[in-house]
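Summary of structural features
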Amino acid sequence: MMDRVKTAGVLVTLLMFPAGLAAQPAPPALATARAHYEDATINAVTFRSADAFFPTEPVAAGARAAKLPRAPKTLASTVKLGEGSFAFDEALQRTYTNALLVMKDGAIVDERYLNGGAADDRYMSWSMAKSIVSILVGIAIDKGQIKSVDEPIDRYVPETRGTAYEGVSIEHLLMMRDGTSYTEQVESGQSTLERIKKRATYGNNTNFTDLSGLDLTRAHPPGSKFLYSTLTSTLLGRLVEEASGLSLAAFTEKHLWKPAGMEAPGYWVLDNPAPKGRAVGGGAFNATLRDYGRIGQMMLDGGRANGRQIVSKAWVEKSTRYPGTTSVMPGAPRGYGYQWWTMLGTDRYEAIGIHGQFLSIDPKTRTVIVKLSYWPDKGGRQLNLDTFALFDAIRAEVGK
């Protein structure tokens, strides 16, 4: 619930809906439309139209955007995908690209919009949002609003008290090692995530981070096992809200979007309409292609943007360099830091969202690549491999 009261001078968010404010379930037609939002036949359009499906909270831009100079350069003429080589434009089509941005040393090398998209469209981040939440956690720590990643999450987030998350450290949540029985995807049956989506973001019957009725248990000692979890990341968004006394959108606007010089408003998708809606921090931020590029450039520049230190260099290095967690991400051996994927054996790191959303940052070549996609059926190993091949071809040319 976004209902807040003062307790001993501290702004606190109430866990339960307050008296007199009952849940207002979504109309059946709207809940059905939301359930089909990701369908492969329409997602080239729906992925830049989230505000037509879901309630949102805006993130305003500042009065003046940080400039992105242009240094156009021809990208790779051909790209090898699987057993064949294809012209660059065809490679974009074969990897289901909606928009592509390539930057080198802070300048735009190439910028493209496909399928009727445009520069002012705001695209769904999906799980790239997890990496944005990591930045926000780092900012809150820099400001002293969160003391340490070693603190337990239940010290801040009331939903976690008396649950399988109680006593789990913030660091273990950042690293996706909370040890609970949560499931993101399952071969058969319904995952925890699907249950949450149906009752929260589709049906508006409860909040995304309402843990009641999920029957989650402690399956592993915290810190011992990697388990990818959109719920975990959304709880980290709640952490920022509780620590700061601001909604996630307001915190993003005040401490990231405006000071970093983003050029266009963004928005967070909420799990319910106002006033009880909360941001789905694990996968539902929306922004323009170029502003995703600005986030990547800020990370590449050690947390600095628009002439300011937005998040500490120490946080950038800690969150993107952890080498230990090998994942099952198709296509390449990967690690996982603080909500950022790391390419093992390199300095490269990425924010990745389902259906082919990528913010890829390579310190060696000083390049940032943003690829926003509409993969069918959530992609798979071959589309991951093809995308990595596309990125390698781009960097080989631009990084010269």
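First things first, this report covers the structure right here in the doc. On a predicted model such as this, the values are computed, not experimentally measured, just so you know. (Residues numbered from 1 in each chain as written. Predicted model: local features only at pLDDT ≥ 70, side-chain atom pairs only at ≥ 80, totals over all residues. Heavy atoms only, no water.)

1. Quick look at the sheet that holds strand E6 (residues 97-104)
To keep things clear, this is the line we draw: Only strands joined by at least two bridges in the DSSP assignment are considered to pair. Helix and strand definitions follow DSSP, with helices as H or I runs of at least four residues and strands as E runs of at least two, each counted in order from the N terminus. Interaxial angles span 0 to 180 degrees and are taken between N-to-C directions of axes, which are lines fitted to C-alpha atoms, for helices over the stretch in contact. In this description, contact between two residues means that some pair of their heavy atoms is separated by no more than 4.5 Å.
Taken together, the seven strands give an open sheet; going across it, the order is E7-E6-E17-E16-E15-E14-E13, and neighbouring strands pair in antiparallel fashion. What marks the edges here is a single partner per strand, and that holds for strand E7 (107-113) and strand E13 (334-336). Each adjacent strand pair in this sheet contributes to an overall mean axis angle of 20 degrees, direction not counted. Here strand E14 (residues 341-343) runs beside strand E15 (residues 349-353); their pairing, made up of two bridges, is antiparallel. The residue of E15 that forms the bridge with Trp-341 is Glu-350. The sheet contacts of helix H9 (residues 289-300) involve E6, E7, E15, strand E16 (357-362) and strand E17 (367-373), and relative to E17 the element is tilted by about 145 degrees.

2. A word on unusual backbone geometry
With the exception of glycine, the majority of residues adopt a negative phi angle, and the majority of peptide bonds are in the trans configuration. The omega angle of the peptide bond from Ala-274 to Pro-275 is 5 degrees, so this bond is cis rather than trans. Topologically, Pro-275 is positioned in the loop between strand E9 (266-269) and strand E10 (285-287). Notably, Asn-115 is not glycine yet its phi reads approximately 60 degrees, a positive angle. On the secondary structure map, Asn-115 appears in the loop between E7 and strand E8 (123-124).

3. Thoughts on the pairing of E7
Let me state the cut-off plainly: Each residue is placed in one exposure class: buried if its accessible area under a 1.4 Å probe, protein chains only, is under 20% of its type's maximum, exposed if it is over 50%, and partly exposed if it falls in between.
Counting buried positions along E7 yields five of seven residues, so the element is predominantly enclosed. The hairpin turn running from E6 into E7, its antiparallel successor, is two residues long, and Asp-105 in that turn takes a positive phi close to 50 degrees.

4. A word on the side chain of Asp-291
For clarity, the threshold we go by: Two N or O atoms form a polar contact when they lie within 3.5 Å of each other; inside protein one atom must be a possible hydrogen donor and the other a possible acceptor, and for residues adjacent in sequence the pair counts only when both atoms belong to side chains.
Residue placement: Asp-291 occurs in helix H9. In terms of polar contacts, Asp-291 uses its side chain to reach the side chain of Arg-294, at 2.9 Å. For Asp-291, the contacting residues outside a window of four places in its chain are Trp-257, Met-262, Glu-263 and Ala-264.

5. Here we look at the sheet that holds strand E3 (residues 56-59)
Taken together, the four strands give an open sheet; going across it, the order is E3-E9-E10-E8, and neighbouring strands pair in antiparallel fashion. Taken across any chain shown, the strands that pair with only one partner, and hence form the sheet edges, are E3 and E8. Relative to the sheet, helix H4 (residues 128-142) contacts E9 and E10, its axis offset from that of E9 by approximately 105 degrees. Packed on one face of the sheet, H9 meets E8 and E10 and runs near 110 degrees to E10.

6. Notes on the pairing of strand E5 (residues 84-87)
Examined bridge by bridge, strand E4 (residues 78-81) and E5 share four bridges and lie antiparallel to one another. The partner of Thr-78 across the bridge, within E5, is Ala-87. Hairpin remark: E4 followed by E5, antiparallel, with two residues in the connecting loop; positive phi at Gly-82, about 65 degrees.

7. Looking at the packing of aromatic side chains
The relative placement of two aromatic rings is captured by the distance of their centres and the angle of their planes. Formally: Aromatic rings from Phe, Tyr and Trp, taking only the six-membered ring of Trp, are treated as a pair when their centres fall within 6.5 Å; an angle between ring planes under 30 degrees marks them as stacked, one over 60 as edge-to-face, and anything in between as tilted.
A complete count under the given rule lists 19 aromatic pairs for this structure. Centre to centre, the rings of Tyr-37 and Phe-47 are 5.7 Å apart; their planes meet at 40 degrees, and the pair counts as tilted. Pair noted here: Tyr-37 is in the loop between helix H1 (28-35) and helix H2 (43-46) and Phe-47 is in the loop between H2 and E3, with a separation of ten residues, a long-range link. Exposure class is identical for Tyr-37 and Phe-47. Each is buried. On the basis of an interplanar angle of 85 degrees and a centroid distance of 6.3 Å, the ring pair of Phe-358 and Phe-388 is categorised as edge-to-face.

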